[in-house]
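Spelled out, the chains give:
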Amino acid sequence: MMKLPLNTDLSGKVAVVTGAGGVLCGMFAQALAQAGAKVAVLDLNEEAAQKVADEIVAEGGVAKAYKTNVLEKDSLIATHEAVVADLGTCDILINGAGGNNPRATTDKEYFEHGDIDADTISFFDLDTSGVEFVFNLNFIGTLLPTQIFAQDMVDKEGCNILNISSMNAFTPLTKIPAYSGAKAAISNFTQWLAVHFSKAGIRVNAIAPGFFSTKQNAKLLFNEDGTPTPRTGKILAATPMGRFGESEELIGSLLFLLNNDAAGFITGVVLPVDGGFSAYSGV
Ligand code: NAD
């Protein structure tokens, strides 16, 4: 059990979390269950989703795993039917499935003469299907679940959608043009949905996580002797608070934005949780 930083009572609510077999959204699913929600754990990776659901149930919560592809409408429709039958209609949708792909990533931060011919992936070598994959996963993978699950919300009180944006939506990070553009689209779409659903009483917001150290990425961030890798040094220098976030530090924002008493007049915001990264010009 984790210690929730805020009291948000979600009992009786059905929360659908996509990408919930993953690092961040698996943790979100657990926090939502602890706050009392019945959680539908959706992931393309069935095993990962099942593991998260099992952990929630073992801790006394209500959760069920559903193998779902957020890029396939039929898959979402089938999951939606199952969720309604198992848990009830959806009150909360967390659009967590997302990520980057190496085929949409340049090898170097800056283009230099000679890169076109050299054995390096420059901007000119970016793979169209890789770029499409990243745009689809992040943008279409948020749009389609919203089309399917927000239908439940239009006749209900107090429903919420939460998207996951990123630091690269504010200013792009080097090497990842597709992921940056796709997350910028998520921030923009969050505003669009917030306006579109404002009269239907559905609030739509996003969290923009900064840089987090998790068990999974610790080896990439720090050398064996504990000193920061060059990339870690750059991240920390660009983060005024001078440290990585702990992934649990996202949970307060999650519970706050979903809390209709605390955040009932908040819709269309993208909340950075970043130790000041997005506020800092570097000078
Ligand atoms: P993760 O890779 O651990 O989890 C993503 C999950 O999505 C995986 O379990 C994967 O199986 C699932 N998935 C992939 N394609 C899918 C599909 N087509 N249908 C259904 N599920 C699919 O990633 P994470 O680090 O937990 O990130 C979660 C979200 O947060 C993503 O949107 C990511 O872009 C965003 N984000 C993460 C960070 C970070 O520091 N980790 C920072 C900013 C934003």
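Calculation criteria
Residues numbered from 1 in each chain as written. Predicted model: local features only at pLDDT ≥ 70, side-chain atom pairs only at ≥ 80, totals over all residues. Heavy atoms only, no water. UniProt positions renumbered as here; feature names shortened; annotations may be inferred. Phe/Tyr/Trp six-rings, centres within 6.5 Å; stacked < 30°, edge-to-face > 60°. Helix = DSSP H or I, 4+ residues; strand = E, 2+ residues; numbered from the N terminus. Buried < 20%, exposed > 50% of the residue type's maximum accessible area, 1.4 Å probe, protein only. Salt bridge = Lys/Arg side-chain N within 4 Å of Asp/Glu carboxyl O. Contact = heavy atoms within 4.5 Å. 1 Å grid on protein atoms, 1.4 Å probe; cavity = no way out; pocket = protein on both sides within 12 Å on 5 of 7 lines; lining within 4 Å. Points joined across faces, edges and corners; volume = space filled by probe spheres on them. Nonpolar A, V, L, I, M, F, W, Y, C, P; charged D, E, K, R; others polar.

Under an unreviewed UniProt entry, the name given to the chain is SDR family oxidoreductase, and the source organism is Roseburia lenta. Its UniProt record gives the chain a comment under Sequence similarities (unreviewed entry), which states: "Belongs to the short-chain dehydrogenases/reductases (SDR) family."

Turning our attention to the packing of aromatic side chains. Each aromatic ring pair is specified by the distance between its two centres and by the angle formed by the two planes. By the definition in use, this model includes six aromatic pairs. Pairing Phe139 with Phe189 gives two aromatic rings, centres 5.1 Å apart and planes at 65 degrees, and the pair type is edge-to-face. Separated by 50 residues along the polypeptide, Phe139 in helix 4 (residues 128-149) and Phe189 in helix 5 (residues 177-196) bring together distant segments of the chain. Phe189 gets classed as buried once you look at its relative accessible area, which sits at 10%. Ring pairs connect the aromatic residues Phe111, Phe123 and Phe124, which therefore count as one cluster.

Let us look at the pattern of salt bridges. Once the charged atoms of two side chains with opposite charge are near each other, the side chains can pair. Within the structure shown, the criterion is met by seven salt bridges. Note that Asp127 and Arg103 form a salt bridge whose closest N and O atoms lie 3.2 Å from each other. With Asp127 in the loop between strand 4 (92-95) and helix 4 and Arg103 in the loop between strand 4 and helix 4, the pair connects residues that are 24 residues apart, well separated along the chain. Residue Asp127 is classed as partly exposed on the basis of its relative accessible area of 30%.

Assignment of secondary structure puts Ser213 in strand 7 (residues 212-213). Apart from the residues lying within four places of it in its own chain, the contact partners of Ser213 are Leu221, Phe244, Gly245 and Ser247.

Below, the discussion takes up the layout of surface pockets. Considered as a void within the structure, the largest pocket measures approximately 1100 Å³ in volume. Taken together, 33 residues line the largest pocket, and the ones lying closest to its centre are Leu24, Gly99, Tyr179, Gly210 and Asn217. Where the lining of the largest pocket is concerned, the elements lending two or more residues are helix 1 (23-34), helix 5, helix 6 (218-221) and helix 7 (230-237). Here the element with the most residues in the lining of the largest pocket is helix 1; it accounts for three residues. Here the lining of the largest pocket is composed, by residue class, of 16 nonpolar, 14 polar and three charged. In this structure, the second largest pocket is lined by 22 residues; those nearest its centre are Leu173, Thr174, Phe211, Arg231 and Phe277. Partitioning the lining of the second largest pocket into residue classes produces eleven nonpolar, seven polar and four charged.

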